[in-house]
Each structure stands twice: as structure tokens, then as C-alpha cells.
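Listed here are the chains, written in short residue letters.
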Amino acid sequence: TVALKRMLNFNVPPVKNSTGEPVWKVLIYDRFGQDIISPLLSVKELRDMGITLHLLLHSDRDAIPDVPAVYFVMPTEENIDRMCQDLRNQLYESYYLNFISAISRSKLEDIANAAIGANAVTQVAKVFDQYLNFITLEDDMFVLCNQNKELVSYRAINRPDITDTEMETIMDTIVDSLFCFFVTLGAIPIIRCSRGTAAEMVAVKLDKKLRENLRDARNSLFTGDTLGAGQFSFQRPLLVLVDRNIDLATPLHHTWTYQALVHDVLDFHLNRVNLEESAGTESTPAGARPKKKNKKSYDLTTSDKFWQKHKGSPFPEVAESVQQELESYRAQEDEVKRLKSIMGIEGEDEGAISMLSDNTAKLTSAVSSLPELLEKKRLIDLHTNVATAVLEHIKSRKLDVYFEYEEKIMSKSTLDKSLLDMISDPDAGTPEDKMRLFLIYYISSAQAPSEIDLEQYKKALMDAGCNLAPLSYIKQWKAFTKMASAPTSYGNATPKPLGLFSRVMNTGSQFVMEGVKNLVLKQQNLPVTRILDNLMEMKSNPETDDYRYFDPKMLRGSDSSVPRNKNPFQEAIVFVVGGGNYIEYQNLIDYIKGKQGKHVLYGCSELFNATQFIKQV
């Protein structure tokens, strides 16, 4: 956010208390730029920075000859052509060109030639490489890209027929974004990764790129005066590169925390959730067209206090909190109404006069808290709608049952109901839910089920309407990763049902929670969190002992897995090559809460929910 604001201020740090109007300007971005800015800056914040108009580069734009324009785009062939065209058409007063990722020498010359041709050299005020080619969704979470994400998707990396050059391109794309990330942080990490995976390829390339940048001292991007110099303690952060293939069960897992559920069952994308409002129940006259469903979208951002507080909570708790918020809001609203009615008292009633003076004070304070009240109301409505939509899915698909059952499978507890019964129960879940459940069972089982059993399961899945394509991939994967001998353990904590919801919930609440289990989560570390714990705390563990160790600051790269630094790390970045999810993110956040003064950031090449993941498998 700091880097973006600096860019919008013509690449000078904004002065805190400068009086007077900001310089009015136009912001021109491409889809990549839009995805980077939109989760971080609202339209209002842009306006405060002096941005009157923000337009896509490839839209029809009118000339505004007396205004400076700030461009924020990827240095692609077509973008550069369009910028040269803008120069020729003399659209703006001056041009501040910012590239999301570093621009090549030859493309820079193209712009220079166009500027000379258009006689606009003096108007091109600044050209900057911003190194901002990643999308920050939370203070502690980022993804690489959203446009063209199929180019770095799980499937792209794990295709059996991939050529070496294609793999190189994918790795370079990922490394470019990670490099941008560290330039923006202003820190050189110490890199650890598992051997023989895509994560290792990323590590080797990133190490090389950081090393080359450091070697060229004059042009190094990591010298003292960077933005991030003050963000980190003197100690360097640890970067743990993990491959998605170490744990394929978690991305398929049904979940129970608010943010992960929203991502799993609703259309939640770059911090914005899109809901279809169900049309009213009033009957449509015969022959009339059915009402169109309204689409509504809500932003779930860091400024939403309710979201910040509850996004990691189990769903039942969230429903209860929404209800409490609503009640406290109503109480405040009633207070304002009560004061208003007292104020309208007629006649010279002694009591009323004496009440007036202290009520005036009360009313003044009530009125001044109105904007706050309205904001509170907006958030309550938002979360009521979102939570109700999630609840509909939980109830219609019995997601609580799935979640509990999968947790038992993953923690090897005894099952109270056979898997076949779950699959063939017509009331429980969609075909996809059943497929997810079966794949988790298949991945987590120590020995694969016998052919006879497998046929029986397959038949049940087919009868339930499942698409069996993912199974064949997971079968190959299981045979290939010789992990079958020791399947990843997921701890052994199962969720404890607390009985049905508390009485409050059953009586006055707008959430009809009947029949939904009130499950409480136990903190148990998922594989990714366990790996981080070993590496961050310098624990010896067969799982991570042979992880490679890179230190880009060392003059000669040495291929060792012996860490030079023996102290535990304070800051770490976990990056999953091949895609991540909110379940893992939440698990890391819960883990680090217990560690004083430590920070973890979670990043992934793309963010997918189970539906999107199953399609890639």
C-alpha cells in the first residue's frame, strides 16, 4: 500500500500534513494493475490521492490535455504499443510510466522512439519499474496473479506432457513475482525448499536472481533507501517454498471456519464476494417471465472489523456474533428514537424542561455517533447476508457432517458410519462433496483399498453422479509419490461437537441453525504448518532435514541442507508452489498466534477452492 501511494504521488513519498488540494491526475491501468490496486485502495482513497479518473489502458479514452497521467501496467507488447499511441495522440499533459514488472531495454527504446516521433520527450516525466507484480489480499497473505492464472496453475505445473521450455517459463513467471515481493519488502530471505519438486526449481532460480541483483552494487534494489527497510527487524526472514503435492488432502477438505467456508461455497475472489439474492417468494402471474435474481457484491476487507475478528472463527460462533451485534445495534437505535420522542414534548411541563437540558447533551452525542451506527448497520447487513448464504449450503449439503467425517479420516479416528453409506446417502451433499470425501479417504489411507473394494466405491460414486476423472490422477499421484509408506499425518484431534447451538440461537435469531452441529475446532497443525514449524524453530525432523538451504547473500552458492544460521527465525514467509487455500492460511495464523513476536506471511501461486482444484486434478 505504501508503494502504491508513493507511485500515485509521482514516486515521491506523500507528505503527511501538506495543506491544500492534491495534484489532480488520471490513473491508467491494465487488468493486472487493477487486480493489484483494487484489494488495497478504495475509490475514496484514490480520490484523496488526487485520482479523479481511473481507466483501463485498452478502453476508449478521451484526451484530457491539461492533466498528468500515471500509468500502472505490465510491460507487454500490446500495452507498450497503446502507450506509444497515447503519446502520438497527445492525450495528456505529462506521462508517468510505471511498470508492474521490470521492462526490457528494447521495449524502453520503443517508447523513446515513439516519444521522439510524437515530439513528446519532455512530457514523459518519469519511467519506473515498480516491482509490484503480486497481489496482496491481507496483511499477511498474497497471491501471484489473477489474470492468466491458468499459466501457473497446479495443472500447468503437473501436466505429464509438459516440455522443459514450458516449465522454465512457468518457473520464471513465479520467480519474477517472488522477486518483486522481496524488493517491496526490502529484505533478502534465507530460502529453504524440499528436494526434487517444482518448489526446488523456484528456489534455485530465485536464489540466482537475488544473487545477481546484489552483485551489481550500483543498481541493486536492496540498498538502504528502500520502502521496507523499517518493516523488518534486523534479522532476515525465512522463505519456505513448499510444493502443493506434499498435501493434496487439505485443498479438498470441507472446512468450518468463516473465511474458508465463504471461499469454498460462495463466489469469493480478490476479497470480494458475489451473492445471488434469492428472488421474493410472491407468486409470479402465469406466463410472466420469472424474476431475475439480483447479483450483489460485497467487499470483505481489512477495514471491516467484524470480518477481521471472525474470519478465522468456526461458523456457529460467527452466526452467534452477528446476532449479538444486531441486538446491540437495535438497542442503540432505540435509544435515539426514545430521545427524539422526549424532545418533541409540548407544554410547560416542569419535568420535561429539566429533562431537556441533559437530554440535549444525550441527543447531541447520539447524533454524532450516527455515522458510526450506519457503518455498523451496513456491516451487520453484509454479514447477515453472507452468513445466511453460507448456512444454506451447510444445511442443504450437510457440510457439518462432511467436515466432521473428514477430520476423523485425516486423524485416523474410528468412523461412526461407513464411507459407502456416506457416498450413497442421497440427502448428503452434491456429487462433488462425495468425490472430495472419497479422495481424502484415498489419500489418507495407509494402504490403498483393494481392487474389489475400489470397484464397489467406484460404482457407488458413479450412482451418485460423480465424475471419476480426478480419481485416476490421484491414483497415479499416490503411486508416484512414494509417500504411501508414510502418509502425511494430520495430527489426531477431532472436532468436539458441543451439542446443538445454545438456546439464544434457537429462539430469537434470524439464523435457523436447527440440526447443524456446533463443532469446535482443535488446533492441529496441517503439513504446511508443521514444515514451517520445523524450519522456523530449527527443529530436527526427518520430514524437513534434507530441505535445501540457500543464502543469496553468500558469495558462492553452496548446495547444502545444513543451515548456517542456528537461531530460530522471527519472520517467515511460506509460499506454496501450485496453489494454496484459506484453510492452510488460517492454520498458519492460528499457529503463530501462540508464538510471541513472530510473524508469518502466506503466499501461493494461485488461490483455489476445492471445486476449482478438483477440476485441475
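Residues numbered from 1 in each chain as written. Predicted model: local features only at pLDDT ≥ 70, side-chain atom pairs only at ≥ 80, totals over all residues. Heavy atoms only, no water.

Going by what an unreviewed UniProt entry lists, the protein chain is known as Sec1 family domain-containing protein 1 and is assigned to Helopsaltes ochotensis. If you open the UniProt record of the protein chain and go to Sequence similarities (unreviewed entry), you find "Belongs to the STXBP/unc-18/SEC1 family." Checking UniProt for the protein chain, the heading Function (unreviewed entry) contains the comment "Plays a role in SNARE-pin assembly and Golgi-to-ER retrograde transport via its interaction with COG4. Involved in vesicular transport between the endoplasmic reticulum and the Golgi." (UniProt positions renumbered as here; feature names shortened; annotations may be inferred.)

Caption draft 1: Structural detail: the environment of Asp140. Relative to the assigned elements, Asp140 resides in the loop between β6 (135–138) and β7 (141–143). In this structure, the C-alpha to C-alpha distance between Asp140 and Tyr602, residues 462 residues apart in sequence, is 6.2 Å. A distance of 2.5 Å separates the side chain of Asp140 from the side chain of Tyr585, its partner in a polar contact. (Helix = DSSP H or I, 4+ residues; strand = E, 2+ residues; numbered from the N terminus. Polar contact = N/O pair within 3.5 Å; in protein donor to acceptor, adjacent residues only side chain to side chain.)

Caption draft 2: The arrangement of helix α21 (residues 582–593) in detail. Under the 1.5 Å per step criterion, the end-to-end length of α21 is 16 Å for twelve residues, consistent within 8% with the ideal 16 Å. In this structure Asn581 caps α21, since a side-chain oxygen of it lies 3.2 Å from the backbone nitrogen of Ile583. (Expected span 1.5 Å × (residues − 1).)

Caption draft 3: Region of interest: the packing of aromatic side chains. What the rule picks out here adds up to 23 aromatic pairs. Relative to Phe403, the ring of Trp256 lies with its centre 5.8 Å away and its plane at 15 degrees, an arrangement referred to as stacked. Of the two residues, Trp256 sits in the loop between β9 (238–243) and α9 (258–265) while Phe403 sits in helix α14 (residues 399–410), which places them 147 residues apart along the sequence. Considered together, Trp256 and Phe403 belong to a single accessibility category, that of buried residues. Members of the aromatic cluster, joined through ring pairs, are Tyr258, Phe268, Trp307, Phe315, Tyr582, Tyr585 and Tyr602. The positively charged end of Lys209 is found above the aromatic ring belonging to Phe179, 5.1 Å away from the centroid. Positioned above the aromatic ring of Tyr442 is the side chain of Lys478, whose terminal nitrogen or guanidinium carbon lies 5.7 Å from the ring centre. (Phe/Tyr/Trp six-rings, centres within 6.5 Å; stacked < 30°, edge-to-face > 60°. Buried < 20%, exposed > 50% of the residue type's maximum accessible area, 1.4 Å probe, protein only. Lys NZ or Arg CZ within 6 Å of the ring centre and 35° of its normal.)

Caption draft 4: Seen up close, the pattern of salt bridges. By the definition in use, this model includes 31 salt bridges. Put simply, Arg436 and Asp264 hold a salt bridge, and the shortest N to O gap is 2.9 Å. Here Arg436, found in helix α16 (residues 431–444), pairs with Asp264, found in helix α9; they are 172 residues apart in sequence, far enough to count as distant. The pair Arg436 / Asp264 is uniform in exposure class, with both members buried. (Salt bridge = Lys/Arg side-chain N within 4 Å of Asp/Glu carboxyl O.)

Caption draft 5: Local environment of helix α20 (residues 527–536). With ten of its ten residues buried, α20 lies for the most part within the structure. Within α20, burial applies to Pro527, Val528, Thr529, Arg530, Ile531, Leu532, Asp533, Asn534, Leu535 and Met536. Among the structural elements, β8 (190–193), β9, β16 (571–577), α21 and β17 (599–604) are those in contact with the buried residues of α20. One or two residues past the end of α20 sits Met538, with phi positive at roughly 55 degrees. (Contact = heavy atoms within 4.5 Å.)

Caption draft 6: Seen up close, the confidence of the model for the protein chain. A residue-level look at the protein chain finds 84% of positions with pLDDT of 70 or above and a mean pLDDT of 84. Scored below 50 in pLDDT, residues 225–233 makes 14 contacts in the model with residues more than four places away or belonging to other chains. The low-confidence segment residues 279–284 (pLDDT under 50) makes three contacts with residues lying over four places distant or belonging to another chain. (pLDDT = per-residue confidence, 0-100.)

Caption draft 7: View of the side chain of Ser605. For Ser605, the position within the fold is in the loop between β17 and α22 (610–616). Residue classification places Ser605 among the buried positions, given a relative accessible area of 0%. Of the polar contacts made by the side chain of Ser605, one reaches the backbone nitrogen of Gly578; its length is 2.9 Å. The residues contacting Ser605, other than those within four sequence positions of it, are Leu144, Cys145, Val152, Ile174, Phe575, Val576, Val577, Gly578 and Gly579.

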